[in-house]
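Single-letter residue listing:
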Amino acid sequence: MHVARYWTTEPDGRIRCTLCPRDCHLAVGQAGFCFVRQNLGGQLVSLAYGRSTGFAVDPIEKKPLNHFFPGTQVLSFGTAGCNLGCRFCQNWDISKSRLVDRASLAYSPRQVVDLAVEAGCPALAFTYNDPVIWAEWAIDLAKEAHERGLRTVFVTAGFVTERAREEIFAHMDAVNVDLKAFTEDFYRKVTLSHMAPVLETLSWLAKTKVWTEVTNLMIPGLNDDPAESRALAEWIGDHMGPDVPLHFTAFHPDFKMMDRPPTPPETLSRARAMAREAGLHHVYTGNVHDRAGQTTSCAACDAPLIERDWHAIRSYRVRDGACPSCGARLAGRFAAAPVPLTSGRRTLLGLV
Ligand code: SF4
């Protein structure tokens, strides 16, 4: 058992978990909303520490990150549990599972980094469920990864307390934050969480050195109102800056939300056009085939720099992190060496 961090003991003897704003108060034996943090004998333990539900080698574009070493592979994994309750969860078989159901194996940070090195991955991605709930393991993994020259990627809903986020992101190189909607009503009813802490995380991230991209999964009839998409994009421009990439991605019916159709590609294209009108430089569509909506263009001269199809790279013209046509720097982190064209395929390494 791994004793967790981020907790205090209340006067009534219960443990208060201070990792995320859900603020669970746990009597002895009780687990939090996320299932993987439990009061055992008066100590909070992380049941998820070291307990991956499996590993896959993903293209970095799948996280999605389009401006963070494009064309590279990333060892991706998560644990059971989640601190949100999204009715539309696209990874619900992992996030809503109990550890015992998933028969998760225990891995040390060294073993995981060994696996990444063997698989030829220059980065680890903490993903599939929200790594906030296994912050202790993510931090230890990140330390090991950095010692051995690997990068770290955190894929999250950003529902985390101020104190914990400072410690977590001190160890991360890049993050994709899933901004699930731009109304408190959606957050409260559909995700069982709140929007304000997520916006705080995003504003705060914009002042750090962590490379940040934002995703908005568009669900027909729930968060695809054009006015909402515009307001979301304007907020990103105002609070994070126009260079933060924004991904509008397609929903597919899943978990407790089988009554909604998949997102029409036109909805994504419309939102993308609006966000660009609102002043964002890099806006993408995702989970659909859309060469135009997935191409990275120079913010200064509009020359196409990286052409993609879904997660595959079809052409790459960035030179030393800049546009070869006009010399303007492209926002993000880029390798000095040319990037080979990629298939965008995932390789499973035992995703159970
Ligand atoms: S991390 Fe888990 S236990 Fe802690 S407050 Fe959030 S949901 Fe509750």
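Residues numbered from 1 in each chain as written. Predicted model: local features only at pLDDT ≥ 70, side-chain atom pairs only at ≥ 80, totals over all residues. Heavy atoms only, no water.

### Observations regarding the nonpolar core
Right, on to step 1. Counting 82 residues, the largest nonpolar core has Phe 77, Leu 124, Phe 126 and Leu 246 as the members making the most contacts within it.
Right, on to step 2. Sort the elements by how many residues they give to this core and helix α4 (residues 135-147) lands first, with seven residues.
Right, on to step 3. Leu 246 has contacts with Val 214, Leu 232, Ala 233, Ile 236, Ala 275, Leu 280, His 282, Val 283 and Tyr 284, leaving out every residue within four places of it along the chain.
Right, on to step 4. With twelve residues, the next largest nonpolar core counts Ile 60, Ala 123, Val 155 and Ala 331 among its residues. (Core = buried A, V, L, I, M, F, W, Y, C linked by side-chain atoms within 4.5 Å. Buried < 20%, exposed > 50% of the residue type's maximum accessible area, 1.4 Å probe, protein only. Helix = DSSP H or I, 4+ residues; strand = E, 2+ residues; numbered from the N terminus. Contact = heavy atoms within 4.5 Å.)

### Notes on the packing of aromatic side chains
Right, on to step 1. Applying the stated rule across the entire model yields 13 aromatic pairs.
Right, on to step 2. Here the aromatic rings of Phe 182 and Trp 235 are separated by 6.4 Å at their centres, their planes lie at 55 degrees, and the arrangement is tilted. Of the two residues, Phe 182 is situated in the loop between β13 (174-178) and α6 (184-190) and Trp 235 in helix α8 (residues 226-239); the sequence distance between them amounts to 53 residues.
Right, on to step 3. By the ring-pair criterion, three or more aromatic residues cluster together here, those being Tyr 49, Phe 55, Phe 77, Tyr 107, Phe 126, Trp 134, Trp 137, Phe 154, Phe 169 and Trp 204.
Right, on to step 4. Over the ring of Phe 33 we find Arg 22, and its NZ or CZ is 3.8 Å from the ring centre. (Phe/Tyr/Trp six-rings, centres within 6.5 Å; stacked < 30°, edge-to-face > 60°. Lys NZ or Arg CZ within 6 Å of the ring centre and 35° of its normal.)

### A few points about α4
Right, on to step 1. In a regular helix each residue adds 1.5 Å, so 13 residues correspond to 18 Å; α4 covers 18 Å between its end C-alpha atoms and thus fits that length.
Right, on to step 2. Looking at α4, one finds that the buried residues are Ala 135, Glu 136, Trp 137, Ala 138, Ile 139, Leu 141, Ala 142, Glu 144 and Ala 145.
Right, on to step 3. In the segment just after α4, Gly 149 is the residue with positive phi, at about 85 degrees. (Expected span 1.5 Å × (residues − 1).)

### A word on the sheet that holds strand β19 (residues 312-316)
Right, on to step 1. Sheet architecture is open: three strands sit in the order β17-β18-β19, paired in antiparallel fashion. Each end of this open sheet is capped by a strand with a single partner; those strands are β17 (296-297) and β19. (Pairing = 2+ DSSP bridges.)

### Overview of the pairing of strand β15 (residues 246-250)
Right, on to step 1. When you tally the buried positions in β15, you get five out of five residues, the bulk of the element.
Right, on to step 2. Side-chain alternation along β15 places Leu 246, Phe 248 and Ala 250 on one buried face and His 247 and Thr 249 on a second face that is also buried.
Right, on to step 3. By the bridge criterion, five bridges tie strand β14 (residues 211-218) to β15 in an arrangement that is parallel. Within β15, the position partnered with Asn 216 by the bridge is Phe 248.
Right, on to step 4. As paired elements, β15 and strand β16 (residues 283-286) share four bridges and run parallel to each other.

### Digging into the site of the ligand
Right, on to step 1. By nearness alone, every residue bordering the ligand is listed as Cys 17, Leu 19, Cys 20, Arg 22, Asp 23, Cys 24, Gly 32, Phe 33, Cys 34, Arg 37 and Asn 83.
Right, on to step 2. Assessed atom by atom at 2 Å from the grid points, the ligand resides in the largest cavity.
Right, on to step 3. Among the residues making up the shell around the ligand, the classes are represented as six nonpolar, two polar and three charged. (Near = heavy atom within 4 Å. 1 Å grid on protein atoms, 1.4 Å probe; cavity = no way out; pocket = protein on both sides within 12 Å on 5 of 7 lines; lining within 4 Å. Sits in = over half its atoms within 2 Å of the grid points. Nonpolar A, V, L, I, M, F, W, Y, C, P; charged D, E, K, R; others polar.)

### Describing the pattern of salt bridges
Right, on to step 1. Summed over the entire model, instances satisfying the criterion amount to 15 salt bridges.
Right, on to step 2. In this structure, Glu 167 and Arg 5 form a salt bridge, with 2.4 Å as the shortest nitrogen-oxygen distance. Linking Glu 167 in helix α5 (residues 162-169) with Arg 5 in the loop between β1 (2-3) and β2 (7-9), this pair joins segments that are 162 residues apart in sequence.
Right, on to step 3. Residue class for Glu 167 comes out partly exposed when judged on its relative accessible area of 23%.
Right, on to step 4. Residue classification places Arg 5 among the partly exposed residues on the basis of a relative accessible area of 37%.
Right, on to step 5. Across the pair Arg 230 and Glu 277 runs a salt bridge whose closest N-O atoms are separated by 2.8 Å. One end of the pair, Arg 230, is in helix α8; the other, Glu 277, is in helix α9 (residues 265-277), with 47 residues separating them in the sequence.
Right, on to step 6. A residue is classified by how much of its surface remains accessible, and Arg 230, at 27% relative accessible area, is partly exposed. (Salt bridge = Lys/Arg side-chain N within 4 Å of Asp/Glu carboxyl O.)

### A short note on empty space enclosed by the protein
Right, on to step 1. The final tally for this structure, using the stated rule, is two cavities of 30 Å³ or more.
Right, on to step 2. Counted as a void, the largest cavity has a volume near 110 Å³.
Right, on to step 3. Among the residues forming the lining of the largest cavity, the class breakdown is nine nonpolar, two polar and three charged.
Right, on to step 4. Within the residue set of the lining of the second largest cavity, elements represented by two or more residues are α9, β16 and β17.
Right, on to step 5. Of the residues in the lining of the second largest cavity, the class split is two nonpolar, five polar and two charged. (Points joined across faces, edges and corners; volume = space filled by probe spheres on them.)

Interpretation in functional terms is not warranted from these geometric data alone.
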